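In case you want the letters, here they are:
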Amino acid sequence: MPRKKDKSAEQKYIYLVFSSTPSRFGRMIRFASGARFNHVSLAFDESLRKLYSFGRRKNNIPINAGLVQEYPERFSLRKVDYVGVKIYRIPVTPEQYRLGKLRIRQILNDEKYLYNLYSVLFYPIFKGFYTYKAYTCVEFVIHMMRFMKIYVPTVKPSYKYLPDELESILESPGYFEGNL
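Counting starts from 1 at the beginning of each chain's written sequence and moves along it residue by residue. Selection of residues for local features in this predicted model requires a pLDDT of at least 70, selection of side-chain atom pairs for listing and counting requires 80 or more, and totals for whole chains, interfaces and linings are taken over all residues. Only heavy atoms go into the side-chain values, all of them from the structure, while hydrogens and water stay out.

When you look at the overall build of the chain in this model, what are you seeing that I'm missing?
Counting secondary structure elements, the chain contains seven helices and eight strands. Taken against the 2.2 N^0.38 rule, which gives 16 Å for 180 residues, the C-alpha radius of gyration of the chain at 16 Å falls within 12% of a compact globule. Looking at the chain residue by residue over its 180 residues, the buried ones come to 48%. Any two residues having at least one pair of non-hydrogen atoms within 4.5 Å are treated as being in contact. Contacts spanning at least 24 positions in sequence make up 64% of the contacts within the chain whose residues lie at least 6 apart. Accessible surface, the chain as shown: approximately 10,400 Å² in total, 55% of it carbon and sulfur. In this tally, Lys and Arg are treated as positive and Asp and Glu as negative; His is ignored, and so are the chain termini. A charged residue contributes its charge at one atom only: NZ of Lys, CZ of Arg, CG of Asp or CD of Glu. Within the chain, one finds 30 positive and 16 negative side-chain charges whose respective centroids are separated by 4 Å. The helix and strand labels rest on DSSP assignments: H or I over at least four residues marks a helix, E over at least two residues marks a strand, and numbering proceeds from the N terminus. A radius of gyration in this sense is built from C-alpha atoms; the matching globule rule multiplies 2.2 Å by the number of residues raised to 0.38. Under the scheme applied here, a residue whose accessible area is under 20% of the maximum for its type counts as buried, over 50% as exposed, and between as partly exposed, the area being computed with a 1.4 Å probe on protein chains only. Only the protein chains shown count as cover for residues, with accessible areas throughout obtained via the Shrake-Rupley method and a probe of 1.4 Å.

The following block contains the structure:
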């Protein structure tokens, strides 16, 4: 009699999505930093229907920001046909996967988490700075990977990284590059 596949034993992955978002804020970040990508998100499924990151909840209100659940159409602002992305698929254990989902729930249930807007705005001067319970998109992804016990070979604090810098230290090959 054939045995059922144990779903918990299947290989799990997380997906890091680096993107060049078409917003004015995104263009400003790329211009000021010289970076190719201005944003990074994390997903737990290959379809990328639910991505998580720290950013603005509404494109035109920079102060209303924090942990956001994103989806592919959000990146294009429903205005452009091309959004450049590079996606990394990172294998994780079922326990690491569980820890990631747990941490997302913890942050979502704590209304005190904010987007580290001042760190982004003053990055050209201070190269980022720490703010309690506040993350930029890069800080959040590095935090999540560390929380999940995924080795991230960082040499400086997470708030000092830009998306391109995180991409350059990943030890995983790119999974996809092109239009989202």
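I would appreciate a short explanation of a nonpolar patch on the surface in the present structure.
Judged by side-chain polarity, M28, Y118, L121, F122, I125 and F126 come together as a nonpolar surface patch covering roughly 620 Å² of accessible area. When contributions to the nonpolar patch are tallied by element, the ones reaching two or more residues are α4 (117-121) and α5 (123-126). Relative to the helices and strands, F122 resides in the loop between α4 and α5. The exposure class assigned to F122 is partly exposed, which follows from its relative accessible area of 34%. By definition, no residue in a patch forms a salt bridge, and every one has over 30% relative accessible area; like charges are joined within 9 Å, nonpolar side chains (Val, Leu, Ile, Met, Phe, Trp, Tyr) within 5 Å. Salt bridges are defined by distance alone: a side-chain nitrogen of Lys or Arg within 4 Å of a carboxyl oxygen of Asp or Glu.

For this particular structure, what's the right way to read the pairing of strand β1 (residues 12-19)?
Walk down a regular strand and you will see the side chains alternate between the two sheet faces. The element β1 is largely enclosed, with a buried count of six among its eight residues. In terms of strand pairing, β1 meets strand β5 (residues 84-92) through eight bridges, oriented antiparallel. Within β5, the position partnered with Y13 by the bridge is P91. Both β1 and strand β2 (residues 39-43) contribute to a ladder of five bridges, which runs antiparallel. By the bridge assignment, S19 is partnered in β2 with H39. In short, DSSP must find at least two bridges between two strands for them to pair.

Help me understand helix α6 (residues 137-147) in this model?
Structurally, the α-helix is built with 3.6 residues per turn, so residues lying three or four positions apart point the same way. Burial analysis of α6 places nine of its 11 residues in the buried class, which makes it a mostly covered element. K149 lies just past α6 and shows a positive phi near 65 degrees.

Explain unusual backbone geometry to me, please; I cannot follow it from the model alone.
Most peptide bonds adopt trans geometry, and most residues besides glycine take a negative phi value. Although it is not a glycine, K133 adopts a positive phi angle of roughly 55 degrees. Within the secondary structure layout, K133 lies in the loop between α5 and β7 (134-135). The buried category is assigned to K133, whose relative accessible area is 19%. Its identity is not glycine, yet K149 carries a phi of approximately 65 degrees, on the positive side. Owing to a relative accessible area of 64%, K149 belongs among the exposed residues under this scheme.

Please explain the pattern of salt bridges as it appears in this structure.
Oppositely charged side chains are able to pair whenever their charged atoms sit close together. Counted according to the given criterion, the structure contains six salt bridges. For E177, the salt bridge identified is with R36, shortest N-O distance 2.2 Å. Taken together, the residues E177 in strand β8 (residues 174-179) and R36 in the loop between α1 (24-33) and β2 connect sequence positions 141 residues apart. Classification of E177 by relative accessible area gives partly exposed; the value is 45%. When salt bridges with common partners are traced through the structure, they connect R36, K86, E167 and E177 into a single cluster.

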